[in-house]
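# Architecture and fold: a report
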Amino acid sequence: MEQRKIVVTSALPYANGDIHIGHLVEYLQTDFWVRFQRMRGAKVCYVCADDTHGTPIMIRARKEGRAPEALIAEMRERHVRDFSAFQMSFDNYYSTNTPENRAFCEDIYAKLENAGALRHENVAQLWCPDCAMFLPDRFVKGTCPNCGAAEQYGDNCERCGTTYSPADLKDAHCATCGSRALETRETEHILFDLAKYRDYLKQWLPVHTQTDVANKLCEWFGEDQKLLPWDISRDAPYFGFEIPGKPGKYFYVWLDAPVGYLASLENWCSKHGEKFDEWWGDPEAERYHFIGKDIVRFHCLFWPSMLHAAGYEGPTRVFVHGFLTVNGEKMSKSRGTFISAQTYLKHLDPAALRYYYACKINNTTDDIDLNLDDFAQRVNSDLVGKITNLASRGAQMLGKRLDGRIGDLDEEGAALVKAALSRSDAIAALYEERKFSQVPVEVCRIANAANEYFDRHAPWKTIKTDPEATRPVLSAVLAAFRAMAIYLAPILPAYAEKAAKLFGESAWTWGSLGESVAGRTIGAYEYLAERIDPAAVEAMVEDSKPTEPPPSADSQKNAAAAAPANAAACPAVKPAIAFPAFDAVDLRVAKVERCTAVEKSKKLVRFELDCGPLGHRTIFSGIRSAYPDPSVLDGRQVVFVANLSPREMKGVGVSEGMVLTAGDPATGLAVLSPIAPVRPGDPAC
RNA sequence: UGCGGGGUAGAGCAACCCGGUAGCUCGUCAGGCUCAUAACCUGGAAGUUGGAUGUUCAAAUCAUCCCCCCGCAACCA
């Protein structure tokens, strides 16, 4: 068989944040697969890059008072640092803000235009005069036209779920500067006519993705015109590539991001005397994208149809994986489970995470859970206690008493080693199919057999009576260990390298399994893996918790400072009412028993209130942005509307009233509280 | 609300497509060993496979309904 030629990619991390353990689920599994393919002798080019364009980058750079190029350069450095610490083996790590990427974008754009795949339409969009820019939906906030929830994003309401366009929002304002003087302006947009490729996608999907992904995406092929044209242009100011012949128009970041795979590959080719067309243009070569299920539609709808329309080869397969949960829940900053690569590295060995992820990751789109207790246990028992300890026992005994020379095997030992080697094809198949979680299972099975064998022959006894008779036993255990270390090499490259050194070898390939080590003298034993101290895990979690004081205090200060400048944004006084209308509102004081974040919601907190004689009440309030850690309100007294009709909050429960707050959510908001404690249930007026 | 995925011993998973005594790892309990990173070996306890109907000689496995969990739902990277 001819040597396989494989291009592999991981999704491009956005240059707006550091790498965290959630990202690593993807990068590490790609690395496992890539390293496996290299060991099998395939010619692999594993490319990735920073995703550098778009509005969030532009705005952040502006806020930090520097050029976006400076921001993305710094982020790239940080990403590269984190990746190399986790032993990622990219062949090329590039950037989307490069000449190669611009050239590919322009080429594809021209070919799409030629193919009649593009439409030019006028689109009405909100414009912020203060920022002098068009506002993407997520950069507009306002009151939901359906349910009246305040501070909703411009695309849909998180409280009632209604979707709408930003122009439908009441009280629409710019999420960046708070300006309410938004205008609607018409502007030309360029759209990719996705519906034209409906038939192509329909047959493409089942062959190139997992079945559950294909099923999910079939939703988009319903009768109700779901394949709307995809808007690929953005107006200036925008950080990205200007569209040729369209001054002031830029390629949308999601257009140029996947093109970045091609750019990175091209860059690698030019540095290594390779030809791009022999990798991406060759139908015999293979191309695989590893992605998370959040970006499926970009990689399985837009990307393949775009490549097809432009006459490029498409990916061979898109491998979709699930998300990471920690201790069964979404990663959370306040719980300390939003762990950055840097924080992890401060406390723990990257190999431990590589091993544990391997134990969990398979080829489905299910989420995987990093259970921190299980993590420490698993690494300590399996990797250290069961597997590594074999080398430690065997190598030290052989080194101390038998000159470290590996000898011939006895019959039972030969059977043990043969059984270990016989799993080679099965384990290779597991890697190939990305069923990584089964690899440690297989290896542990071998380790169990080796431990039993070791125990049965009690070499620690025979070494005292008949050392030479012990040699075959230790040799068999070490040979079995060597096979295990080779099997684990794609997952634990640093470990495998040290283990290979023990046997006087350098880099192992899959073919190394067939080589005999009889007659070799092993090197000095050094620790291959450290046990995880549960205290280190705890310290890492503590270290990940936010340390700054509750932002509510900050935002109050900011609000005060911003007040004069924002005077125009202050809402007008409502029409006058008579006293009875005011008196109809029954305001009471309550003591907060507990205030907690509502898990399913980004905005809601749940107040458990002690209302004195009025009893206990539960009230939901959309103030999470001002109180990311709502527990700071525990024990405080608050004022609430006691006679507001209870309201069913979708999916979270019934809210029995409304807690009063003051301030503008955009600039700072605080819960109202009596200046001195009063009795819960007392009226306020 | 729609769609996709899932619910199997204390924890994490396998078996489900192609029905046939429910399996693995960790933990737990009892015993052993002492070479090794307090590790390893032997044995035990623990599951009416989310619930209910149905098909069948036989259902974790097939069908229907219900409950619960997670995710996605289009210009937000």
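Residues numbered from 1 in each chain as written. Chains lettered and ligands numbered in written order. Predicted model: local features only at pLDDT ≥ 70, side-chain atom pairs only at ≥ 80, totals over all residues. Heavy atoms only, no water.

## Regarding the side chain of Arg434
In this structure, Arg434 sits in the loop between α13 (424-432) and α14 (438-457). One buried charged residue, Arg434, forms no salt bridge at all, with the nearest opposite charge on Glu432 at 7.3 Å. (Helix = DSSP H or I, 4+ residues; strand = E, 2+ residues; numbered from the N terminus. Buried < 20%, exposed > 50% of the residue type's maximum accessible area, 1.4 Å probe, protein only. Lys, Arg positive; Asp, Glu negative; His and termini not counted. Salt bridge = Lys/Arg side-chain N within 4 Å of Asp/Glu carboxyl O.)

## What about the nonpolar core?
Of all hydrophobic cores here, the largest spans 173 residues; its most connected members are Phe192, Tyr357 and Phe375. Once you skip the residues sitting within four places of it in the chain, Phe192 turns out to touch Leu112, Ala117, Leu118, Tyr197, Pro229, Trp230, Ile232, Phe302, Ser305, Met306 and Ala309. Listed in part, the 23 residues of the second largest apolar core include Leu126, Leu135, Val140 and Cys144. (Core = buried A, V, L, I, M, F, W, Y, C linked by side-chain atoms within 4.5 Å. Contact = heavy atoms within 4.5 Å.)

## Here's the deal with the side chain of Glu505
Relative to the assigned elements, Glu505 resides in the loop between α17 (493-502) and α18 (534-544). One polar contact links Glu505 to Trp508, side chain to side chain, over a distance of 3.1 Å. Those residues in contact with Glu505, other than ones at most four positions away along the chain, are Arg482, Ala500, Glu515, Val517 and Arg520. (Polar contact = N/O pair within 3.5 Å; in protein donor to acceptor, adjacent residues only side chain to side chain.)

## Quick look at the sheet that holds strand β3 (residues 92-95)
On the basis of which strands lie adjacent, the open sheet formed by 5 strands has the order β3-β2-β1-β13-β14 and parallel pairing. Each of the sheet's edge strands pairs with one partner strand only, and the pair in question is β3 and β14 (317-321). Strand-to-strand twist across the sheet, computed as the mean angle between neighbouring axes with direction ignored, equals 25°. Bridge analysis of strand β1 (residues 5-10) against strand β13 (residues 286-292) gives 5 bridges, and the strand direction is parallel. Within the sheet, the bridge partner assigned to Ile6 lies in β13 and is Glu286. Strands in contact with helix α3 (residues 68-85) are β2 (43-50) and β3; relative to β3, the strand with the most contacts, it is inclined by about 160°. Here helix α7 (residues 253-272) sits on the sheet and contacts β1, β2, β3 and β13; the angle it forms with β3, its principal contact strand, is near 125°. (Pairing = 2+ DSSP bridges. Axes fitted to C-alpha atoms, helices over the stretch in contact; angles between N-to-C directions.)

## A few points about the domain arrangement of chain A
How large an interface is tends to be reported as the accessible area lost when its parts come together. Along its sequence, chain A is organised into domain 1 (5-108 + 254-327), domain 2 (113-235), domain 3 (388-514) and domain 4 (576-671). Taken over C-alpha atoms, the centre of domain 1 sits 37 Å from the centre of domain 3. Contact with domain 1, which involves 12 residues of that partner, is made by 14 residues of domain 3. For the pair domain 1 and domain 3, the two sides together bury roughly 1,300 Å², of which 69% comes from carbon and sulfur. Together, Phe32, Phe36 and Met39 form the three largest contributors to the area buried by domain 1 at its contact with domain 3, with a combined 51%. At the boundary of domain 1 with domain 3, the tally comes to 0 salt bridges. The tally of links from domain 1 across to domain 3 stands at 4 residue pairs in polar contact (both at pLDDT 80 or more). (Domains from an automatic or database assignment. Buried area = accessible area lost by both parts, 1.4 Å probe.)

## Description of helix α8 (residues 296-310)
Compared with the 21 Å implied by 1.5 Å per residue over 15 residues, the 20 Å span of α8 between its first and last C-alpha is a close match. Residue Trp303 marks the point of greatest curvature in α8, where the axis turns by about 30°; the proline Pro304 follows within four residues. Just beyond α8, the residue with positive phi is Gly311, at close to 80°. (Expected span 1.5 Å × (residues − 1). Bend = angle between axes of the 7 residues up to and from the residue.)

## As for the pattern of salt bridges
The full count for this structure, using the stated rule, is 35 salt bridges. The partner of Arg119 in a salt bridge is Asp193, with the nearest N and O atoms 3.6 Å apart. Of this pair, Arg119 sits in strand β4 (residues 118-128) while Asp193 is found in the loop between β9 (183-192) and α5 (198-208), placing the two residues 74 residues apart along the sequence. Residue Asp193 is classed as buried on the basis of its relative accessible area, which comes to 13%. One salt bridge connects Glu412 with Arg456, and the closest N-O pair in it is separated by 2.5 Å. Of this pair, Glu412 sits in helix α12 (residues 411-421) while Arg456 sits in helix α14; the two residues are 44 residues apart in sequence, bridging distant segments of the chain. Of the residues examined, Glu412 reaches a relative accessible area of 34% and is grouped as partly exposed. Since its relative accessible area comes to 54%, Arg456 is described here as exposed. Salt bridges here are not isolated pairs; linked through shared partners, they connect Asp18, Arg60, Glu64, Arg66, Glu74 and Arg78.

## Details of the layout of surface pockets
Looking at the second largest pocket, its volume works out to about 320 Å³. If you trace the second largest pocket, you find 15 residues lining it, with Arg35, Ala489, Pro493, Ala507 and Trp508 closest to the centre. For the lining of the second largest pocket, the secondary-structure elements that each account for two or more residues are α1 (21-39) and α17. Per-class residue counts for the lining of the second largest pocket are 9 nonpolar, 3 polar and 3 charged. (1 Å grid on protein atoms, 1.4 Å probe; cavity = no way out; pocket = protein on both sides within 12 Å on 5 of 7 lines; lining within 4 Å. Points joined across faces, edges and corners; volume = space filled by probe spheres on them. Nonpolar A, V, L, I, M, F, W, Y, C, P; charged D, E, K, R; others polar.)

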